[in-house]
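Chains, contacts and geometry: an overview
Here are the chains, one letter per residue:
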Amino acid sequence: MKVLLIFGLAAAGLMICCLLWGCKGQQRGLNGQIFVSNGRPALAVIPEEGLRLHSSGWCDVAPATRSAEPASAKLWYALYERDAQARPGRLLALLAEGQGKWRWPFEPGSARDVLRRSREDTGHLATYYETILAPADRDPWADAWDVRWQNGSLIRRCRMFFMDRQVKLVLEYREPVDADRPLPVHMDMPLLAGFEQRAGQAFTLALRDDGAEIPDVASRPGTAPGSLSRRALAAWLGEMYQRGEVN
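Throughout this document, residue positions are counted from 1 along each chain, in the order its sequence is written. Only residues with pLDDT of at least 70 are given local features in this predicted model, and only at 80 or more are side-chain atom pairs given and counted; all residues enter the totals for whole chains, interfaces and linings. Only hydrogens and water are set aside; all other atoms, that is, all heavy atoms of the structure, feed into the side-chain values.

**Quick look at empty space enclosed by the protein**
Computed over the protein atoms alone on a 1 Å grid, cavities are sets of points where a 1.4 Å probe fits but cannot get out and pockets are open sets with protein on both sides within 12 Å along at least five of seven lines; a residue lines them when it has an atom within 4 Å of a point. Grid points are joined across faces, edges and corners, and a volume is the space filled by probe spheres set on the points. Inspection of every chain in the model, using the stated rule, returns 2 cavities of 30 Å³ or more. One number sums up the size of the largest cavity: a volume of about 40 Å³. Looking at side-chain class alone, the lining of the largest cavity contains 4 nonpolar, 1 polar and 2 charged residues. Nonpolar residues are Ala, Val, Leu, Ile, Met, Phe, Trp, Tyr, Cys and Pro. Charged residues are Asp, Glu, Lys and Arg, and all others, Gly as well, are polar.

In C-alpha cells:
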C-alpha cells in the first residue's frame, strides 16, 4: 500500500510539472524548412540554401518480411526541391519507425539499381551510402513532386539506424538523368563523383547525441495523399525482421 501511495504521489508530481512547464511527447514534423524529430532519436535535417520545402506527410506501411506475417511501420517524410533557376535537385528526408517487435536490417533486402555503395563510421553512428539509378516507373516518389523526371533519377541515399534499429533515417538527394549523356551513368566516373559531392552538400544533419540543439516541432505533417502508394513505399523501404531474429 505504501509503495502504491509513493507511486501515486510521483505520478501526480509529474503531471503537475507537465502542466506548469509543458511536457511534449515524441513528435516528428517541421520547424520552418527543417525536418525535426524531438526524440528517439532527437535530430534535425537542415536542407542547403536553395532547397525549398515542397510537401510533407506521414503514413503507415507494411514492409515485407521473411515470414508470412507482414511488418508494421510508421513513416514521416519531407520533400524539398531546388529553385527553378538553379541546377535541378531534390531532397527526400524520411524517418521510418518499426512498430512493436519490428526492426530494420542494415541491408534493405529489396532490389535496387545500385551503382556504388560505401559505409562511413563517425563516432557512435554508422552511415550507409548508395548511389542508385531509379527509373521513374519503379520509383514511388517519382510523382510526389509537381513534375515527373521521365528519364528517371540519380539518387545518393544515406541510411542511419537508431534505437536498436527500430528507427531508420533515410536521406536521398536526387537529380534527373540526362538522356543525352555521352556515357552510361554507371561508366561516367566524373559524373558520379560530381553528383556525390553535391549530394554531400545538400543537407546538414544535427543530432542531440552530438551536442546539437534540436528545434521544437512547430507543425506536424498531414496524412500522405492516397496517390502515394503504401505498397510501393513499403517495397522502397525494404524488408523488416522481428527483434531477436538473426540478421
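**Re helix α3 (residues 230-237)**
For α3, every residue scored as buried is listed here: Leu 233, Ala 234, Trp 236 and Leu 237. Seen along its axis, α3 keeps its buried residues to an arc of 160 degrees; they face one direction. Contacts are residue-level and defined by heavy atoms, with any inter-residue pair within 4.5 Å sufficient. Strands here mean DSSP runs of E at least two residues long; helices mean DSSP runs of H or I at least four residues long; both are numbered from the N terminus. For α3, the secondary structure elements touched by its buried residues are β4 (51-61), β5 (73-82), β6 (90-98), β9 (125-134), β10 (153-162) and β11 (167-176). Phi turns positive one or two residues past the end of α3, at Gly 238, with a value near 95 degrees. Each residue gets one of three labels from its accessible area relative to the maximum for its type: buried under 20%, exposed over 50%, partly exposed in between, using a 1.4 Å probe on protein chains only. Taking the helix axis as origin, the arc is that swept by the directions to the C-beta atoms.

**Side note on the layout of surface pockets**
Computed from the structure, the largest pocket encloses a volume of approximately 330 Å³. Looking at the largest pocket, it is lined by 20 residues, and the ones nearest its centre are Thr 127, Tyr 129, Cys 158, Met 160 and Phe 203. Sorting the residues of the lining of the largest pocket by element identifies β8 (114-122), β9, β10, β11, α2 (189-200) and β12 (203-207) as the ones contributing at least two each. Classifying every residue of the lining of the largest pocket by side-chain character gives 10 nonpolar, 5 polar and 5 charged.

**Topic: the sheet that holds β4**
Overall, antiparallel pairing links the 7 strands, which are arranged β4-β5-β6-β11-β10-β9-β8 in an open sheet. Each end of this open sheet is capped by a strand with a single partner; those strands are β4 and β8. Strand-to-strand twist across the sheet, computed as the mean angle between neighbouring axes with direction ignored, equals 15 degrees. Note that β4 and β5 share 10 bridges and pair antiparallel. Counterpart to Ser 56 in the pairing with β5 is Ala 78. All axes here are fitted lines through C-alpha atoms, helices being fitted over the stretch that makes contact, and every angle between N-to-C directions spans 0 to 180 degrees. Packing against the sheet, α2 makes contact with β8, β9, β10 and β11, and its axis sits at approximately 45 degrees to β10. When DSSP finds two or more bridges between a pair of strands, those strands are recorded as paired.

**What about the confidence of the model for the chain?**
On average, residues of the chain carry a pLDDT of 88, and 87% of them reach 70 or more. Per residue, pLDDT captures the predictor's confidence, and it can take any value from 0 to 100. Here residues 1-23 is modelled with pLDDT under 50, and outside its nearest four sequence neighbours on either side it reaches 2 contacts, counting other chains as well.

**Concerning the packing of aromatic side chains**
Both the distance between ring centres and the angle between the ring planes are used here to describe each pair of aromatic rings. For Phe, Tyr and Trp, rings pair up if their centres lie within 6.5 Å, where Trp contributes its six-membered ring, and each pair is then called stacked (planes under 30 degrees apart), edge-to-face (over 60) or tilted (otherwise). A complete count under the given rule lists 5 aromatic pairs for this structure. Measuring from centroid to centroid gives 5.1 Å for Tyr 77 and Trp 141, while their planes differ by 65 degrees, and the two rings are edge-to-face. In this pair, Tyr 77 is assigned in strand β5 and Trp 141 in the loop between β9 and β10, connecting sequence segments 64 residues apart. Tyr 77 gets classed as buried once you look at its relative accessible area, which sits at 3%. Pairing Phe 106 with Phe 161 gives two aromatic rings, centres 5.3 Å apart and planes at 90 degrees, and the pair type is edge-to-face. Of the two residues, Phe 106 is situated in the loop between β7 (102-103) and β8 and Phe 161 in strand β10; the sequence distance between them amounts to 55 residues. Note on Phe 106: relative accessible area 35%, which makes it partly exposed.

**Observations regarding the pattern of salt bridges**
Close approach of charged atoms allows side chains with opposite charge to pair. One side-chain nitrogen of Lys or Arg within 4 Å of one carboxyl oxygen of Asp or Glu is enough to make a salt bridge. Scanning the model with the defined rule gives 19 salt bridges in all. Linking Glu 69 and Lys 101 is a salt bridge whose minimum nitrogen-to-oxygen distance equals 3.2 Å. With Glu 69 in the loop between β4 and β5 and Lys 101 in the loop between β6 and β7, the pair connects residues that are 32 residues apart, well separated along the chain.

**Let's talk about the side chain of Arg 82**
Structurally, Arg 82 is set in strand β5. Classification of Arg 82 as buried rests on a relative accessible area of 14%. Looking at Arg 82, its side chain comes within polar contact range of the main-chain oxygen of Arg 87, at 3.2 Å. In protein, a polar contact requires one atom able to donate a hydrogen and another able to accept it; more generally it is a pair of N or O atoms within 3.5 Å, and residues adjacent in sequence count only if both atoms are side-chain atoms. Of the polar contacts made by the side chain of Arg 82, one reaches the side chain of Tyr 173; its length is 2.9 Å.

**A closer look at the sheet that holds β12**
Taken together, 4 strands build an open sheet; the order of strands is β1-β2-β3-β12 and the sheet is antiparallel. Strands with a single pairing partner mark the edges of an open sheet, and in this sheet they are β1 (28-31) and β12. Taken over all neighbouring pairs, the strand axes of this sheet differ in orientation by 20 degrees on average, direction set aside. When strand β2 (residues 34-38) meets strand β3 (residues 42-47), the two strands line up antiparallel, connected through 4 bridges. Paired with Val 36 across the two strands is Ala 44, which belongs to β3.

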